[in-house]
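Each chain, letter by letter, is given below.
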Amino acid sequence: MGFLAMIPVVVIVAHYYLWRRLVRSTTRPGSVPRRVLTWALVAFGAVMAITMIGGRVGGFGLERIVAWPGYLWLAIMFYLLVFTLVMEIPRAVAGLLVRRARPAGPGESPEATRAGSRLAGAAQPSGRLAEVGGRGAGTAPAERVAPADDHPVEAGPVVDRRLFVARTAAAIVGAGALATVGYGTRMALGDPVIERVPVRLARLDPRMSGLKIAVVSDIHLGPLTGRGHTERIVRMINGLEADVVTIVGDLVDGTVAELGPLAAPLRSLESRYGAYFVTGNHEYYTPGGAQQWIDEVGSLGVRPLRNERVEIRHAGAVLDLAGVNDLNGQSSGDGPDLAKALGGRDAARPVVLLAHQPVQVTQAAANGVDLQLSGHTHGGQMAPFNLVVPLQQPVVAGLAEVPRAGGGATQVYVTRGAGFWGPPVRVGAPPEITLIELRA
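Predicted, not measured: the structure shown is a model, and the values here were computed from it.

Participant: When you look at the overall build of the protein in this model, what are you seeing that I'm missing?
Facilitator: For the protein, the count of helices and strands is eleven helices and twelve strands. Put simply, the protein has 440 residues, and 51% of those count as buried. Considering only contacts in the protein between residues 6 or more positions apart, those separated by 24 or more positions represent 72%. Summed over its atoms, the accessible surface of the protein is roughly 19700 Å², and 61% of this surface lies on carbon and sulfur atoms.

Written as structure tokens, this is what we have:
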């Protein structure tokens, strides 16, 4: 409930900041544009909050109704915030130049003009302009100047310039945010990129060199995806002619009753030595728990690896393929158990571990794992979130190494995932299906 309680606070603060910068500073008090834009922000904020809360407390039906407008506005709002914050410095500089550029009246020094501008803000209730000094020779009536990000009804040169600066900044922010979200939506809804990654394993039997493992993660079947999303992923994986197919968690955002038909195409996955699945954190967010999806995936011909391993025999050589549950299963007594997954195996042969979160590689390295395949991060999904991911995970995307205490290193490959969570937007992190080719 702590997360739910924070949503309204974050939504209100973010929208108030955007209102001040993009509405209040660009429109005149009481004007129709101000009223329209203000109520539009209120409406979009409400829809977004309902979208984010609806899937957790209101059920899948409510989420499907508001998902598209709610999540799209979430992405637009995020990039409006990013671009607005970036524009704060040039906006401040332009505002300073405008204030300094205010022309002085006849016989009035620039210093007196600036002082008069500061004092003139206290206008008479009747609307008359306050005056600084008398009306004698050398003194001109002072012009009323609005607060920094508001405008009076009586427009003067300084006010018009300030309004121009505010509207120009708002136009740049709006165009930048909409263009970014448009690009990101096209990227998220398009075909995943095929990443072909050769990985050398020191203990790999040369006879197994060339073994191909297809890796897909974070498919996120949910209110914004259809059956075609799964069918496309299956078709692309089958086109790789992989020896092994692995689904590394976060397959769904809903129950089997809601999303079972969307997952059905997984039955058509093709590989020489089978398809395998491990849970991600979102499987444990599902009402009723992860077990329903573990059973459903198994019925589709994809074998769940639940803290266990299988032997992959190829060309007379053997490789251990192990899988562990996601860390989020710990709260329900269904967490990862690497000792159980690896116990009693032949330590002379290599082992590839499926673990949803990259952070699990620390324990994998301590247990002599050769290669860990993970997802979870989405590559950041929407830049600049890629700069935040390292606060929680050791790798954002791609191939990396973690040194082992006894020498050598455990390699970890983190796929960006084939779907999206929340907004159907990917910026700087295109969706991905990976083909790992093992080499001796």
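Participant: In this structure, what is going on with the side chain of Thr286? I would like to understand it.
Facilitator: Secondary-structure assignment places Thr286 in the loop between α8 (281–285) and α9 (291–299). Accessibility expressed as a relative area gives 5% for Thr286, which makes it buried. Reaching out from Thr286, the side chain makes a polar contact with the backbone oxygen of His282 at a distance of 3.3 Å. Setting aside its immediate chain neighbours within four residues, Thr286 contacts Val252, Gly254, Thr255, Gln292 and Trp293.

Participant: How do you make sense of helix α6 (residues 227–239) when you look at a structure like this?
Facilitator: Since the α-helix advances by 3.6 residues per turn, residues separated by three or four positions end up pointing in the same direction. Between its terminal C-alpha atoms α6 stretches 19 Å, which fits the 18 Å expected from 13 residues at 1.5 Å a residue. Taken together, the buried positions of α6 are His229, Thr230, Arg232, Ile233, Val234, Met236, Ile237 and Asn238. A positive backbone phi angle near 50 degrees is found at Glu241, which sits one or two residues after α6.

Participant: When you look at the environment of Ala366 in this model, what are you seeing that I'm missing?
Facilitator: Along the chain, the position of Ala366 falls in helix α11 (residues 361–366). Along the primary structure Ala366 and Val402 are separated by 36 residues, whereas in three dimensions their C-alpha atoms are 9.7 Å apart.

Participant: How do you make sense of the pattern of salt bridges when you look at a structure like this?
Facilitator: A side chain of one charge can pair with a side chain of the opposite charge when the charged atoms of the two come close. Summed over all chains, the structure comprises 16 salt bridges. The residue Glu308 makes a salt bridge to Arg303 at a minimum N-O spacing of 3.5 Å. When its relative accessible area of 39% is taken as the criterion, Arg303 is described as partly exposed. For Arg313, the salt bridge goes to Glu311, with nearest N and O atoms at 2.7 Å. A relative accessible area of 52% places Arg313 in the exposed class. Judged by its relative accessible area of 40%, Glu311 falls in the partly exposed class. Each of Glu311, Arg313, Asp320, Arg345 and Arg349 takes part in one network of salt bridges that share partners.

Participant: Any chance you could explain the side chain of Gln357 here in plain terms?
Facilitator: When you line up the elements, Gln357 lands in the loop between β8 (351–354) and α11. Its relative accessible area of 5% is what places Gln357 among the buried residues.

Participant: Help me understand a nonpolar patch on the surface, please; the structure alone is not making it clear to me.
Facilitator: The grouping of Phe385, Leu387, Val388 and Leu391 at the surface amounts to a nonpolar patch, some 450 Å² of accessible area in total. The topology assignment puts Phe385 in the loop between β9 (371–374) and β10 (398–403).

Rules of the game
- Residues numbered from 1 in each chain as written.
- Predicted model: local features only at pLDDT ≥ 70, side-chain atom pairs only at ≥ 80, totals over all residues.
- Heavy atoms only, no water.
- Helix = DSSP H or I, 4+ residues; strand = E, 2+ residues; numbered from the N terminus.
- Buried < 20%, exposed > 50% of the residue type's maximum accessible area, 1.4 Å probe, protein only.
- Contact = heavy atoms within 4.5 Å.
- Areas by Shrake-Rupley, 256 points an atom, 1.4 Å probe, with all protein chains shown as cover.
- Polar contact = N/O pair within 3.5 Å; in protein donor to acceptor, adjacent residues only side chain to side chain.
- Expected span 1.5 Å × (residues − 1).
- Salt bridge = Lys/Arg side-chain N within 4 Å of Asp/Glu carboxyl O.
- Patch = residues over 30% accessible without salt bridge, like charges linked within 9 Å, V, L, I, M, F, W, Y side chains within 5 Å.

All we've got here are geometric facts, nothing functional implied.
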